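# Structural overview for review
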Amino acid sequence: MSSNDIIKAVNFLKNDEVVAIPTETVYGLAANALCEKAVKKIFIAKGRPSDNPLIVHISNLNMTKFLVKNFDRIPFAKELAENFWPGPLTMILPKTDLIPKVTSGGLDTVAIRFPSHPIIQKIISEAGFPLAAPSANLSGSPSPTNFEHVFNDMNGKIAAIIKYENCKFGVESTIINLCSDIPKIMRPGNVTIEKISKIIPNVEIDKAVCEKFISENSIPEVICPGVKYRHYAPKTRLTIINSNQSEFLNFVKNNQKNNIVALCFEEDKKFMDEFKIPYIIYGSEKNSESQAKNLFTSLRECDNFGANIIYARCPKKDGVGLAVFNRLLRAAEFNILNLP
Ligand code: TXA
Ligand code: MG
């Protein structure tokens, strides 16, 4: 990656092309958020349903003036920006007419994020327009956290991929809806509910974060359209085992004949080696940040075994652990086995 690469990327973007760019969370598939023609190319490259809106990325607070209606008067928007921007937090806010409907998936709101990664910040500043960018994976696949992931999914489909080191956090940004009556976390991330509730004491976690949420008339009730679709999934079927370590180890030992692969913690390594069961480690049991950083790479690696099923150790659900659990639940299509 050189300054020449940045200039090339900016030129592609100015010509309404799509470029994959690293951020501190995951790689993004970026195009000019204000240009319908450019944004449509993102949906095509990803194979993404057109009613699933994109996050608009900015490189300074001033840009909110043009993209958001009355940013300064939206309860908590300024406070959240002061505390967490630039960084892995996305706010859903009322949009201005400058943002085309194709970017917002036909909604009157827009998701805005000010990323902290120097590369995407520089590219937005040089381009002079905000970038619409979903995660740079094929729709439904695990999000990409390194260059190879993006290359595998997007080679030949977009103008360029910026090659840079692995993404720092590994799971996508926290999304908070500031357009609902009570601010709601729609997707947990590295900016945790514990941190946000210091600023918004009554903040809620949307039901869809941990539940396959079906409303009374059995039509999925959806505010964050991304939750409608199968998500983050490896090709191999996955079940989460919600148990302590010894119950998990017993379970995989008893099921090892079924061509399984275990997705487990560092603390499980010595036992798994004894059992001779194929496994991938996605972090330490005690360190949710390490699990978040490795989760999507590990899900992709699990596919290399040609196994019938992946059995995953369940992460703890507080702090960043909630983000890990939320992604794993969707990857498992909500298959979770509670032991004992
Ligand atoms: O960390 C991230 O947020 C990454 C990097 C590239 O910035 N981006 C990302 O974008 O994760 P994507 O498109 O993969 O996920 C965005 C989610 C989707 O579930 C989408 O439905 C939801 O945000 N979303 C976007 N705009 C929305 C809106 N106006 N209202 C409700 N949900 C929205
Ligand atoms: Mg995504």
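Anything mentioned here points back to the structure above.
Only a predicted model underlies this, so the values are computations on that prediction, with no experimental measurement involved. (Residues numbered from 1 in each chain as written. Chains lettered and ligands numbered in written order. Predicted model: local features only at pLDDT ≥ 70, side-chain atom pairs only at ≥ 80, totals over all residues. Heavy atoms only, no water.)

This part covers the environment of V102. Topologically, V102 is positioned in the loop between β4 (89-94) and β5 (109-113). With 49 residues separating them along the chain, V102 and P53 place their C-alpha atoms 7.5 Å apart. The contacts of V102, once residues within four sequence positions are left out, are E36, V39, K40 and F43. (Helix = DSSP H or I, 4+ residues; strand = E, 2+ residues; numbered from the N terminus. Contact = heavy atoms within 4.5 Å.)

A few words now on the sheet that holds strand β12 (residues 260-264). If you walk across this open sheet you meet the five strands as β13-β12-β14-β11-β15, and the pairing is parallel. One side of each edge strand has no neighbouring strand; the edge strands of this open sheet are β13 (279-281) and β15 (336-338). The average undirected angle you get between the axes of adjacent strands in this sheet is 25°. Pairing of strand β11 (residues 237-242) with β15 involves three bridges; the strand directions are parallel. In the sheet register, N242 faces β15, and the bridge partner there is N338. (Pairing = 2+ DSSP bridges. Axes fitted to C-alpha atoms, helices over the stretch in contact; angles between N-to-C directions.)

This part takes up the pairing of β12. Buried residues dominate β12, accounting for five of its five residues. Where burial is concerned, the two faces of β12 agree: the one with I260, A262 and C264 and the one with V261 and L263 are both buried. With four bridges joining them, β12 and strand β14 (residues 309-313) adopt parallel strand pairing. By the bridge assignment, L263 is partnered in β14 with A312. (Buried < 20%, exposed > 50% of the residue type's maximum accessible area, 1.4 Å probe, protein only.)

With that settled, the discussion passes to the nonpolar core. In this structure, L80, M91, I123, I176 and I196 are the most contacted members of the largest nonpolar core, which totals 65 residues. With residues up to four places along the chain from it excluded, the contact list for I196 reads L80, F84, L89, T174, I176, I185, V191 and V203. Formed by 26 residues, the second largest nonpolar core is a distinct cluster that contains I240, A307, A331 and A332. (Core = buried A, V, L, I, M, F, W, Y, C linked by side-chain atoms within 4.5 Å.)

Looking now at helix α4 (residues 77-84). Along α4, the positions that sit buried rather than exposed are A77, L80, A81 and F84. Down the axis of α4, the smallest arc covering the buried residues is 100°, so these residues share one side. Buried-residue contacts for α4 involve β4, β8 (174-177) and α7 (193-196). (Arc of directions from axis to C-beta.)

Topologically, N137 is positioned in the loop between β6 (131-132) and α6 (147-154). A polar contact is formed between the side chain of N137 and the side chain of S135, at a distance of 2.6 Å. Among residues more than four places away in sequence, those in contact with N137 are K46, P142, S143, P144, D153, M154 and R300. (Polar contact = N/O pair within 3.5 Å; in protein donor to acceptor, adjacent residues only side chain to side chain.)

Attention now goes to the sheet that holds strand β2 (residues 28-32). What the 10 strands build is an open sheet, ordered β7-β1-β2-β6-β3-β5-β4-β8-β9-β10; its pairing is mixed. With partners counted over all chains shown, the strands left at the sheet margins are β7 (160-161) and β10 (204-205), one partner each. Docked against the sheet, helix α2 (residues 36-46) engages β2 and β6, running at close to 155° with respect to β2. Together, β4 and β8 form the strand contacts of α4, whose direction differs from that of β4 by roughly 160°.

Let us now look at a nonpolar patch on the surface. A surface patch of nonpolar side chains, about 270 Å² in accessible area, is lined by L34, F66 and L98. Relative to the assigned elements, F66 resides in helix α3 (residues 64-67). (Patch = residues over 30% accessible without salt bridge, like charges linked within 9 Å, V, L, I, M, F, W, Y side chains within 5 Å. Areas by Shrake-Rupley, 256 points an atom, 1.4 Å probe, with all protein chains shown as cover. Salt bridge = Lys/Arg side-chain N within 4 Å of Asp/Glu carboxyl O.)

Further remarks concern the pattern of salt bridges. Here the structure, examined in full by the defined rule, presents 14 salt bridges. In this structure, E24 engages R113 in a salt bridge whose closest nitrogen and oxygen atoms are separated by 2.8 Å. Taken together, the positions of E24 in the loop between β1 (19-21) and β2 and R113 in strand β5 put the pair 89 residues apart, joining distant regions of the chain. As far as burial versus exposure is concerned, E24 and R113 are alike and both buried. For the salt bridge of E36 with K40, the shortest nitrogen-to-oxygen distance reads 3.4 Å.

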